[in-house]
Amino acid sequence: MSERALVVGWTWVDGGVLLRCWSGSGTLQPADRALRGHLSFRVLPGRHCTGHHDGQQWRGCPDGALATRGTRCDPCGARDAFRPCMTCNGFRCPRLSATMLRYCRSDHHLYLACFGDDSLKVGTASHPRRDQRIVEQGPLAAARVAQAPGPRIKQMEHLLVEAGFTETMRRTRKTVLLRGSMTSEEAHRRVAEAVRSLSDVLPPDHHASLHPPVFVQQPELAVRSRSLAVNELLVEDDRVIEGEVAGAVGHVLFLRDADGCFALDLGGLRARWIEWDPAGPRKRPQAQLGLF
């Protein structure tokens with residue numbers, strides 16, 4: 001029987017993409033897999049709960065439930081230790097567990113990122129994931145610009161959003177911008193110009209947390225992959241996705257077959273069970289008709 005895995009998400013490790021997964025039945029176990037070489041997997045029907053974070057690590061759904069909202073069931077959404085922090089702007093923090101309070105008060109980073117258009121995204125990252133968080137998103141250029149305990153960084157993010165910076169950048173928009181004409185040099189210049197404006201935008205009591213921009217180097221794989229054609233591949237029930245990994249940028253994995261190169265949005269696999277190296281007939285995905 002082919003190995004099955006529930007996709008939780010993705011990340012970047014050692015310059016490549018890692019698909020974060022659960023496997024097994026009953027008590028789920030981590031089953032992460034590096035995405036390289038030849039890949040073949042079937043997308044199984046339905047969306048299933050990816051679990052919750054307990055403040056120290058990600059836990060599989062104890063009920064094996066379907067995803068009822070986004071990528072989780074309602075009970076796992078309520079269990080998640082980060083839930084109180086999702087709408088916090090740092091000015092009035094919610095009551096937290098001791099574990100989450102230590103996390104909240106630990107050092108965090110503020111970053112600015114350009115994805116290839118006129119907007120600049122502002123975001124936050126914990127200290128251990130200060131660069132990994134940025135690489136996962138696949139910007140053309142990004143820099144860390146401030147470091148402080150979590151509440152202060154949240155406050156700075158909130159103030160910059162009020163001043164016109166972008167808080168969210170949808171994956172679909174990032175994928176579209178892979179076709180854009182902006183160079184990494186232009187994106188770098190735009191981030192650098194925005195950094196010089198921060199002391200004018202933020203109140204004086206936040207200036208001590210600012211520091212000279214630390215530009216985050218993008219993995220060589222991502223840099224090379226920006227020249228690849230973007231023919232988007234849809235994730236559909238019972239479809240087999242197969243090909244040689246040709247590149248990756250942020251959430252996009254590029255697969256190549258005899259008919260061309262196709263872009264797979266890894267976010268579309270979240271909350272899906274997949275079957276690695278499936279046997280039997282293969283239904284061809286839309287836009288990837290040449291694979292089989």
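Since we're looking at a predicted model, the values are computed, not measured.

1. Focus on the overall build of the protein chain
Now for step 1: For the protein chain, the count of helices and strands is 7 helices and 16 strands.
Now for step 2: For 292 residues, the compact-globule estimate of 2.2 N^0.38 gives 19 Å, and the C-alpha radius of gyration of the protein chain, at 20 Å, lies within 12% of that figure.
Now for step 3: With the C-alpha coordinates of the protein chain rotated into their principal frame, the extents come out at 65 × 45 × 30 Å.
Now for step 4: Within the protein chain, buried positions represent 49% of all 292 residues.
Now for step 5: Long-range contacts, defined as pairs at least 24 residues apart, comprise 68% of the intrachain contacts of the protein chain with a sequence gap of at least 6.
Now for step 6: When the accessible surface of the protein chain is summed, it comes to about 14400 Å², and 49% of that surface belongs to carbon and sulfur atoms.
Now for step 7: Charge-centre separation for the protein chain: the mean point of 39 positive side chains lies 4 Å from the mean point of 32 negative side chains.

2. Description of the packing of aromatic side chains
Aromatic ring pairs are defined here through the distance separating the ring centres and the angle between the ring planes.
Now for step 1: The full count for this structure, using the stated rule, is 2 aromatic pairs.
Now for step 2: Between Phe 41 and Trp 276, the ring centres sit 5.5 Å apart and the planes meet at 70°, which makes this aromatic pair edge-to-face. Of this pair, Phe 41 sits in strand E5 (residues 38-43) while Trp 276 sits in strand E16 (residues 273-276), and the two are 235 residues apart along the sequence. Both residues of the pair, Phe 41 and Trp 276, count as buried.
Now for step 3: Here the aromatic rings of Phe 82 and Tyr 103 are separated by 5.1 Å at their centres, their planes lie at 85°, and the arrangement is edge-to-face.

3. A word on the nonpolar core
Now for step 1: Counting residues in each nonpolar core, the largest one holds 41 residues, and the members touching the most others are Leu 19, Leu 35, Phe 41, Phe 254, Leu 266 and Trp 276.
Now for step 2: Among the nonpolar cores identified, the runner-up in size contains 23 residues, and Ile 153, Leu 160, Ala 187 and Leu 198 belong to it.

4. Here we look at the sheet that holds strand E8 (residues 107-114)
Now for step 1: Spatially, the 4 strands line up as an open sheet ordered E9-E8-E10-E11, and their pairing is antiparallel. Of all strands in the sheet, those with a lone pairing partner are strand E9 (121-126) and strand E11 (210-215), marking the two edges. Between one strand axis and the next, the sheet turns by 30° as a mean value, whatever way the strands run.
Now for step 2: The sheet contact formed by E8 and strand E10 (residues 141-149) spans 8 bridges and is antiparallel. Looking at the pairing, Cys 114 lines up with Ala 141 of E10.
Now for step 3: Taken strand by strand, helix H2 (residues 98-105) contacts E8, E9 and E10, and its axis lies near 55° from that of E8.
Now for step 4: Against the sheet, helix H4 (residues 150-162) makes contact with E8, E9, E10 and E11, and its axis sits at roughly 130° relative to E10, the strand it touches most.

5. Looking at the state of the cysteines
Now for step 1: Overall, the coordinates contain 0 disulfides when judged by the stated rule.
Now for step 2: Here Cys 21 stays free of any disulfide, with the sulfur of Cys 49 as its closest cysteine sulfur at 15 Å.

6. Focus: the pairing of strand E14 (residues 252-257)
Along a regular strand, successive side chains alternate from one face of the sheet to the other.
Now for step 1: Most of E14 is tucked away, with 5 of its 6 residues classed as buried.
Now for step 2: Here strand E13 (residues 240-249) folds back onto E14, and the loop between the two strands holds 2 residues, one of which, Gly 250, carries a positive phi near 55°.
Now for step 3: Two strands pair when backbone bridges link them, and E14 and strand E15 (residues 260-265) are joined in this way by 6 bridges, in the antiparallel orientation. Residue Arg 256 lies in a different strand from E15, and its bridge partner there is Cys 261.

7. So, the confidence of the model for the protein chain
Now for step 1: Across the protein chain, the average pLDDT comes to 92, with 95% of residues at 70 or higher.
Now for step 2: Confidence over residues 288-292 falls short of pLDDT 50; this stretch has 16 contacts with residues more than four positions distant or in other chains.

8. What about helix H6 (residues 184-201)?
Now for step 1: When the terminal C-alpha atoms of H6 are compared, their 25 Å separation across 18 residues agrees well with the 26 Å that a helix rising 1.5 Å per residue should span.
Now for step 2: Listed in full, the buried residues belonging to H6 are Ala 187, Val 191, Ala 192, Ala 194, Val 195 and Leu 198.
Now for step 3: Lining the buried residues of H6 we find E8, E10, H4 and E11.

9. Topic: the pairing of E5
Now for step 1: When you tally the buried positions in E5, you get 5 out of 6 residues, the bulk of the element.
Now for step 2: As paired elements, E5 and E13 share 5 bridges and run antiparallel to each other. Residue pairing across strands places Phe 41 opposite Ile 241, the latter belonging to E13.
Now for step 3: Bridging between E5 and E16 involves 3 bridges; their strand directions are antiparallel. The residue of E16 that forms the bridge with Val 43 is Ile 274.

10. Focus on the side chain of Ser 126
Now for step 1: With respect to the helices and strands, Ser 126 occurs in strand E9.
Now for step 2: When residues no more than four places from it in sequence are discounted, the contact partners of Ser 126 are Tyr 103, Asp 107, His 108 and His 109.

11. Notes on the environment of Ala 67
Now for step 1: Within the secondary structure, Ala 67 is located in the loop between strand E7 (58-59) and helix H1 (74-79).
Now for step 2: Distance from Ala 67 to Gln 57, taken between C-alpha atoms, is 20 Å for residues 10 residues apart in sequence.

Calculation rules
- Residues numbered from 1 in each chain as written.
- Predicted model: local features only at pLDDT ≥ 70, side-chain atom pairs only at ≥ 80, totals over all residues.
- Heavy atoms only, no water.
- Helix = DSSP H or I, 4+ residues; strand = E, 2+ residues; numbered from the N terminus.
- Rg over C-alpha atoms; globule rule 2.2 N^0.38 Å.
- Buried < 20%, exposed > 50% of the residue type's maximum accessible area, 1.4 Å probe, protein only.
- Contact = heavy atoms within 4.5 Å.
- Areas by Shrake-Rupley, 256 points an atom, 1.4 Å probe, with all protein chains shown as cover.
- Lys, Arg positive; Asp, Glu negative; His and termini not counted.
- Charge placed at Lys NZ, Arg CZ, Asp CG, Glu CD.
- Phe/Tyr/Trp six-rings, centres within 6.5 Å; stacked < 30°, edge-to-face > 60°.
- Core = buried A, V, L, I, M, F, W, Y, C linked by side-chain atoms within 4.5 Å.
- Pairing = 2+ DSSP bridges.
- Axes fitted to C-alpha atoms, helices over the stretch in contact; angles between N-to-C directions.
- Disulfide = S-S within 2.5 Å.
- pLDDT = per-residue confidence, 0-100.
- Expected span 1.5 Å × (residues − 1).

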